[in-house]
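Understanding the architecture of this molecule
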Amino acid sequence: MRQSVQELAEKYQNNLFAIAFHICKNKEDAEDVVQDTFIQYHTIKKNFESEQHIRAWLIRVTINKAKNMNHTFWRKNKMSIEDYMETLVFETSESETLFETVMKLPEKYRIVIHLFYYEDYSVREIANVLRISESNVKVRLSRGRSILKEQLKEEWNDDK
Amino acid sequence: MTNKEKYKQAFSVLQTSRDYAMEVDNMTKLTKKTTMKTGIAAAVAVCVVLAGGGTAYAANVGGIQRTIQVWIHGDQTDAELEISQDGSYNLTYKDENGENKEIAGGGVAMEADGTERPLTAEEIQEELASPMPEVEYEEDGTVWVYYYDQKLDITEKFEDEFCYVKLHHGEKTLYVTVKYQDGYGVSEDKYPSPSEWDTDAPEE
């Protein structure tokens, strides 16, 4: 199956932007990554099995492109994450603290945490998207949660 | 609130207002126009260090240009090789879509006394005719190993970020260890450990 870029953008552009932002930590780069991802989708002649297949593909390509973006030598003069955060309107101060704390996690924990808590992906789905083992996902999730608990204390519940 | 609810509330601030559908439409039109001109999107830098040998580089004023056959993504392809005096080269060929592509590279040879010199044209040609395996990450998320006429899709072969590939060409066998998105090593004896190409990796 195929869906138009317009349909997919309406549904997933903010999700993909958030994923790219977790890796790039920069609005402009993250937006460029999302654009490149949709261009890639538009260009490839790939038939997908389902909408979930498309979603997983978009997420994987976004992650790969965001990592590539971080490795390019040429970077524009862009807004720092601190300056960008000042433009965001958080519902509560706890939300702002959580956002800031997550963004300080090492990248490999950050992306696993995001796919689990924001995208509602299971450990198996995260393993498939990131091409790592389920046990590796569990380790990253566990370490990421421990850091969040340590930093946020009662603002972060104990996960089972 | 659960952690998931807290997390979603915190990160719901990340919104993008760009019109991606329109941008994709515009960009794909633009890309079609410029690809033929640039054609270097997949430029690969090849650095070769050879041991021994004492051939002096011939002083060619205008460089050397010749047609050679090279393996590109598993296909043997005619390519125009242009070699400069500094040991760098440009390889231009047409891909399967007839579009011009360019690979730039170069290398140095280490003399017995430790001094470096640019590779000779013959050495560059020899290296290009005997390719090493290449690992490429496609933008659709697939991962491929190319070696002579072999094209292996290793996307599903990774376990714990690692994939081990055994390649044969004639009587030669190569062992390739690929760490997902983090380099690869090649050896004729055994699967190399990541510490052999990644100085940050722990010793095994």
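Predicted model, so just to flag it, every value in this text is computed and none were measured. Residue indices begin from 1 for each chain and proceed along its sequence in written order. Chain labels run from A onward and ligand labels from 1 onward, assigned in the order the entries are written. Per-residue local features of the predicted model are confined to residues with pLDDT of at least 70, and side-chain atom pairs are confined, for both listing and counting, to 80 or more; whole-chain, interface and lining totals are unaffected and use all residues.

Describing the sheet that holds strand β7 (residues 134-137) of chain B
All names here are of chain B. DSSP-based pairing: two strands are paired if at least 2 bridges between them are found. Where helices and strands are cited, they refer to DSSP runs of H or I of at least four residues and of E of at least two residues respectively, numbered from the N terminus. Pairing in this open sheet of three strands is antiparallel, and the strands run β7-β8-β9 from one edge to the other. Both edges of this open sheet fall to β7 and β9 (150-153), since each of them pairs with a single strand only. Each strand of the sheet is rotated relative to its neighbour by a mean of 20 degrees, with strand direction disregarded. Bridging between β7 and strand β8 (residues 143-147) involves four bridges; their strand directions are antiparallel. Inter-axis angles, ranging from 0 to 180 degrees, are taken between N-to-C directions of lines fitted to C-alpha atoms, where helices are fitted over the stretch in contact.

Considerations on the packing of helix α1 (residues 5-24) of chain A against helix α2 (residues 27-43) of chain A
Residues and elements named next belong to chain A. For the pair α1 and α2, interaxial distance at closest approach is 8 Å and the crossing angle is 135 degrees. Considering the angle they form, α1 stands oblique to α2. You can see that α1 and α2 cross each other, and the crossing is right-handed. Between α1 and α2, the contacting residues are Val5, Leu8, Ala9, Gln13, Leu16, Phe17, Ala20, Phe21 and Cys24 on the first element and Lys27, Asp29, Ala30, Glu31, Val33, Val34, Thr37, Phe38, Tyr41 and His42 on the second. Roughly parallel here means an angle under 35 degrees, roughly antiparallel means over 145, roughly perpendicular means 65 to 115, and every remaining angle is called oblique. The crossing is said to be left-handed when, going from far helix to near helix, the turn is anticlockwise and less than a right angle, and right-handed when the turn is clockwise. Contact between two residues is assigned when their C-beta atoms, built from the backbone, lie within 7 Å.

Things to note about helix α7 (residues 123-130) of chain A
Residues and elements named next belong to chain A. Of all the positions in α7, only Ile126, Val129 and Leu130 are classed as buried. Around the axis of α7, the buried residues are gathered within 85 degrees of arc, so they sit on the same side. A positive backbone phi angle near 60 degrees is found at Arg131, which sits one or two residues after α7. Counts of 20 or more other C-beta atoms within 10 Å of a residue's own C-beta define buried residues, counts of 12 or fewer define exposed ones, and intermediate counts define partly exposed ones; C-beta atoms are placed from the backbone. This arc is taken over the directions from the axis of the helix to the C-beta atoms.

Some details on the interface of chain A and chain B
By a widespread convention, an interface's size corresponds to the accessible area lost as its parts come together. Taken together, the contact between chain A and chain B spans 39 residues of the former and 30 residues of the latter. Elements that contribute at least two residues to the side of chain A that touches chain B include exactly α1, α2, α3 (51-71) and α5 (93-103) of chain A. Lys, Arg, Asp and Glu make up the charged group, whereas Ala, Val, Leu, Ile, Met, Phe, Trp, Tyr, Cys and Pro make up the nonpolar group; the residues left over, Gly among them, are polar. Tallied by class, residues from the side of chain A that touches chain B come to 20 nonpolar, 12 polar and seven charged.

Focus: the pairing of strand β10 (residues 162-169) of chain B
Residues and elements named next belong to chain B. In terms of strand pairing, β10 meets strand β11 (residues 172-179) through eight bridges, oriented antiparallel. Bridge pairing in β11 links Cys163 to Val178. Count of turn residues in the β10/β11 antiparallel hairpin: two residues, of which Gly170 carries a positive phi of about 60 degrees.

As for the pairing of β8 of chain B
Residue and element names in this part refer to chain B. The element β8 is largely enclosed, with a buried count of four among its five residues. Hairpin geometry of β7 and β8 is characterised by an intervening segment of five residues between the two adjacent antiparallel strands and by a positive phi of about 95 degrees at Gly141. In the sheet, β8 pairs with β9 via four bridges, with the strands oriented antiparallel. Bridge pairing links Tyr146 to Lys151 in β9.

Overview of the nonpolar core
The nonpolar core criterion groups buried Ala, Val, Leu, Ile, Met, Phe, Trp, Tyr and Cys residues into a set whenever they are joined through C-beta atoms within 7 Å. Residues Phe17, Ala20, Val34, Leu58, Val112 and Ile126 of chain A are the most contacted members of the largest nonpolar core, which totals 46 residues. Contributions of two or more residues to this core are made by α1, α2, α3, α5, α6 (107-117) and α7 of chain A together with α1 (3-11) and α2 (20-38) of chain B. In terms of residue count, α1 of chain A provides more of this core than any other element does, 11 residues in total. Throughout the structure description, domain borders are defined by an automatic or database domain assignment. For this core, the domains that each give at least three residues are domain 1 (1-88) and domain 2 (91-160) of chain A. If sequence neighbours within four positions are ignored, Ile126 of chain A has contacts with Val112, Leu115, Phe116, Tyr121 and Val137 of chain A.

Here we look at α6 of chain A
Each turn of an α-helix holds 3.6 residues, which means side chains three or four residues apart point in the same direction. With eight of its 11 residues buried, α6 of chain A lies for the most part within the structure. Taken together, the buried positions of α6 of chain A are Tyr109, Ile111, Val112, Ile113, His114, Leu115, Phe116 and Tyr117 of chain A.

Here we look at the confidence of the model for chain B
Note: predicted coordinates in regions of low pLDDT should not be interpreted at a detailed level. Residues and elements named next belong to chain B. How sure the predictor is of each residue is captured by pLDDT, a score from 0 to 100. The pLDDT averaged across chain B works out to 72; a share of 71% of its residues lies at or above 70. Here residues 31-61 scores under 50 on pLDDT; set against residues more than four positions off or in separate chains, the count is 40 contacts. pLDDT under 50 marks residues 199-204. Its contacts with residues more than four places away, or in other chains, come to six contacts. Model confidence for the complex is summarised by a pTM of 0.55, with the ipTM given as 0.93.

Points about the sheet that holds β10 of chain B
Strand pairing in a sheet relies on backbone hydrogen bonds. The paired strands run either parallel or antiparallel. All names here are of chain B. If you walk across this open sheet you meet the three strands as β10-β11-β12, and the pairing is antiparallel. Both edges of this open sheet fall to β10 and β12 (184-187), since each of them pairs with a single strand only. When the angles between neighbouring strand axes are averaged without regard to direction, this sheet yields 20 degrees.

Considerations on unusual backbone geometry
Trans is the prevailing form of peptide bonds, just as negative phi is the prevailing case for residues other than glycine. Residue and element names in this part refer to chain A. Residues other than glycine seldom take positive phi values, yet Asp120 does so here, at roughly 55 degrees. Summarising the element assignment, Asp120 is placed in the loop between α6 and α7. On the basis of neighbour counts, which here come to 10 C-beta atoms within 10 Å, the residue Asp120 falls in the exposed class. In this structure, Arg131 is a non-glycine residue whose phi angle is positive, near 60 degrees. With respect to the element layout, Arg131 can be found in the loop between α7 and α8 (134-152).

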